[in-house]
Amino acid sequence: MSKAEARHSKLAHGELGLSAVEVLAYNSELRDKDGLIGDRASKRAFQAMLEQARQALKANGRDPLGERPTADLGKRTLDRILTKGEPEAAALVMGTVEQFGGELATLVRRLLRSSGWRGVERIAIGGGMRASWVGLLAIARAGLLLRASGQTVELRPIRHHPDEAGLVGAAQLVPRWMLSGHDCMLAVDIGGTNIRAGLVELNLGRRGSLCDARVMGLELWRHRDDEPTREQAIEHLCRMLTDLTRRAARDKRRLVPLIGIGCPGLLEADGTITRGAQNLPGNWEGSRFSLTERVTAALPQIDGHATTVVLHNDAVVQGLSEVPWMQDVSRWGVLTIGTGLGNASFQNREAA
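Residues numbered from 1 in each chain as written. Predicted model: local features only at pLDDT ≥ 70, side-chain atom pairs only at ≥ 80, totals over all residues. Heavy atoms only, no water.

> Is there a simple way to explain the overall build of the chain in this structure?
Summing up its helical and strand segments, the chain has 11 helices and 16 strands in all. The C-alpha radius of gyration computed for the chain amounts to 21 Å, which stays within 12% of the reference 20 Å derived for 352 residues, consistent with globular compactness. In terms of its C-alpha atoms, the chain occupies a principal-axis envelope of roughly 70 × 45 × 35 Å. Within the chain, contacts between residues separated by at least 24 positions form 71% of all contacts whose residues are at least 6 apart in sequence. For the chain, the exposed surface amounts to about 16,500 Å²; the carbon and sulfur share of it is 47%. For the chain, the distance from the average site of its 46 positive side-chain charges to the average site of its 41 negative ones is 3 Å. (Helix = DSSP H or I, 4+ residues; strand = E, 2+ residues; numbered from the N terminus. Rg over C-alpha atoms; globule rule 2.2 N^0.38 Å. Contact = heavy atoms within 4.5 Å. Areas by Shrake-Rupley, 256 points an atom, 1.4 Å probe, with all protein chains shown as cover. Lys, Arg positive; Asp, Glu negative; His and termini not counted. Charge placed at Lys NZ, Arg CZ, Asp CG, Glu CD.)

> Sorry, what's going on with the pairing of strand β6 (residues 184-190) here?
Looking along a regular strand, one sees side chains alternate from face to face of the sheet. Burial of β6 is extensive: 7 of the 7 residues sit out of reach of the surface. Across 7 bridges, the pairing between β6 and strand β7 (residues 195-201) is antiparallel. Paired with D189 across the strands is R196, a residue of β7. With antiparallel pairing between neighbouring strands as the criterion, β6 and β7 make up a hairpin whose turn holds 4 residues. The sheet contact formed by β6 and strand β9 (residues 255-263) spans 5 bridges and is parallel. Looking at β9, one finds that L186 is bridged to I259. (Buried < 20%, exposed > 50% of the residue type's maximum accessible area, 1.4 Å probe, protein only. Pairing = 2+ DSSP bridges.)

> For this particular structure, what's the right way to read the sheet that holds strand β8 (residues 214-221)?
Within a sheet, adjacent strands bond to each other through the backbone by hydrogen bonds, running parallel or antiparallel. Spatially, 5 strands are ordered β8-β7-β6-β9-β14 in an open sheet, and the strand pairing comes out mixed. Two strands bound the open sheet, and with one partner strand each, they are β8 and β14 (308-313). Sheet twist, expressed as the average angle between the axes of neighbouring strands with direction ignored, equals 20°. This element, helix α9 (residues 230-250), spans β6, β7, β8 and β9 of the sheet and lies at about 150° to β8. Set on the sheet, helix α10 (residues 291-298) makes contact with β6, β9 and β14; between it and β14 the angle comes to about 150°. (Axes fitted to C-alpha atoms, helices over the stretch in contact; angles between N-to-C directions.)

> Help me understand the sheet that holds strand β5 (residues 154-157) in this model?
Taking strand neighbours across the sheet as the criterion, the 5 strands line up as β1-β16-β15-β4-β5 in an open arrangement whose pairing is mixed. The open sheet has two edge strands, β1 (21-26) and β5, and neither has a second partner. In this sheet, adjacent strand axes meet at a mean angle of 25° when their direction is disregarded. Both strand β15 (residues 331-337) and strand β16 (residues 341-348) contribute to a ladder of 7 bridges, which runs antiparallel. In the sheet register, W332 faces β16, and the bridge partner there is F346.

> Sorry if this is basic, but what is going on with the packing of helix α3 (residues 75-84) against helix α4 (residues 87-112) here?
A packed helix pair is summarised by two numbers, namely the angle formed by the two axes and the spacing between the axes. Their axes nearest at 7 Å, the elements α3 and α4 cross at an angle of 120°. In terms of orientation, α3 and α4 fall into the oblique class. Here α3 runs over α4; the crossing is left-handed. Mapping the contact onto sequence places L78, I81 and L82 in α3 and A89, A90, V93 and M94 in α4. A breakdown of the residues in the contact of α3 with α4 according to their chemical character gives 7 nonpolar, no polar and no charged. (Parallel < 35°, antiparallel > 145°, perpendicular 65-115°, else oblique. Left-handed = near helix turned anticlockwise from the far one by under 90°. Nonpolar A, V, L, I, M, F, W, Y, C, P; charged D, E, K, R; others polar.)

> Where do I start with the packing of aromatic side chains in this structure?
Here the distance between the centres and the angle between the planes together describe a pair of aromatic rings. Enumeration over the complete set of coordinates arrives at 3 aromatic pairs. Each ring, one from F46 and one from F100, has its centre 5.7 Å from the other, and the planes form 70°; the classification is edge-to-face. Of this pair, F46 sits in helix α2 (residues 43-59) while F100 sits in helix α4, placing them 54 residues apart in sequence. For the pair F46 and F100, a shared accessibility class is recorded, and that class is buried. Taken together, a centroid distance of 5.5 Å and an interplanar angle of 70° make the contact between W284 and F289 edge-to-face. Using a relative accessible area of 1% as the deciding quantity, one classes W284 as buried. (Phe/Tyr/Trp six-rings, centres within 6.5 Å; stacked < 30°, edge-to-face > 60°.)

> Please explain the pairing of β16 as it appears in this structure.
Counting buried positions over the 8 residues of β16 gives 6, a clear majority of the element. In terms of strand pairing, β1 meets β16 through 5 bridges, oriented antiparallel. Looking across to β16, one finds that A25 is bridged to S345. Hairpin connection, β15 to β16: the antiparallel pair is bridged by 3 residues.

> Looking at this structure, how should I read unusual backbone geometry?
Positive phi, close to 50°, is recorded for N203, a residue that is not glycine. With respect to the helices and strands, N203 occurs in the loop between β7 and β8. Accessibility expressed as a relative area gives 33% for N203, which makes it partly exposed. Positive phi, normally seen in glycine, also occurs at D303, with a value near 55°.

Printed below as a string of structure tokens:
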């Protein structure tokens, strides 16, 4: 092991200096007189905008979306209404898309004025909304509004599917030498609605690039429907990881003895979540709870080696999945639009 390898053999959680990038900012909380600006550019905010428009129509005649509650109108339903629905129903959804796009553009403008986001040239948009036509239109609308106001920042959907971006990005948390000799690693993406765990096939190229990394085994649990306690959620997650290690052994995969986890919130180096985990089941914040210790206790070894767990903010990890496609800019960022809104900004490290 080289001196550099020795320094990194114990990985810090929430590390800002990673192999490929420097994390400039994450979990930024911007406020105005009405509260957190990010709260107006989330899945909940979109639903609230649509509900407000529907209530106004009901009070003055007829709601073209009928009696179905707004909370029950999922992405596929809204996409179908927008593309194949009656004109009034489609117009109602499109109006909400435009309103949401305006809020997203406002958020981006405010972020770009903050210290950790100045000079950002491109922003990848991830999270669940990116997986819908409604979400893609909202991203495009925000981009047009920014361009019309003279902003040069580029908005584009994150490349990987939202179910996979937070898993693929976990490989970027690990120094390349730790991946050498292995072809897969375990990754976890914990969100306010879903917990995802997967086997990430590294597909390391000749120069150690992760541009071909992909998820070859995915387990997804929509925990919000089950309303588990924190303990039940951790137990379920550990069962998912155990199942994935068995699959890797069955397929004769060489697993990295490390689990990369993305989780909402602001992190300390010891893995403590100080704030920002309010959408998770139970209380995950404070020094009395250690997610990394719980996972390590459940899976003490991987392929005969002691397990290492490295934890980072979920928006950071989703953003890291974009590293191979951000090499033509210096500073860039990510926004994740899901149950809440996550954010992170990065600066690429110069190639050695």
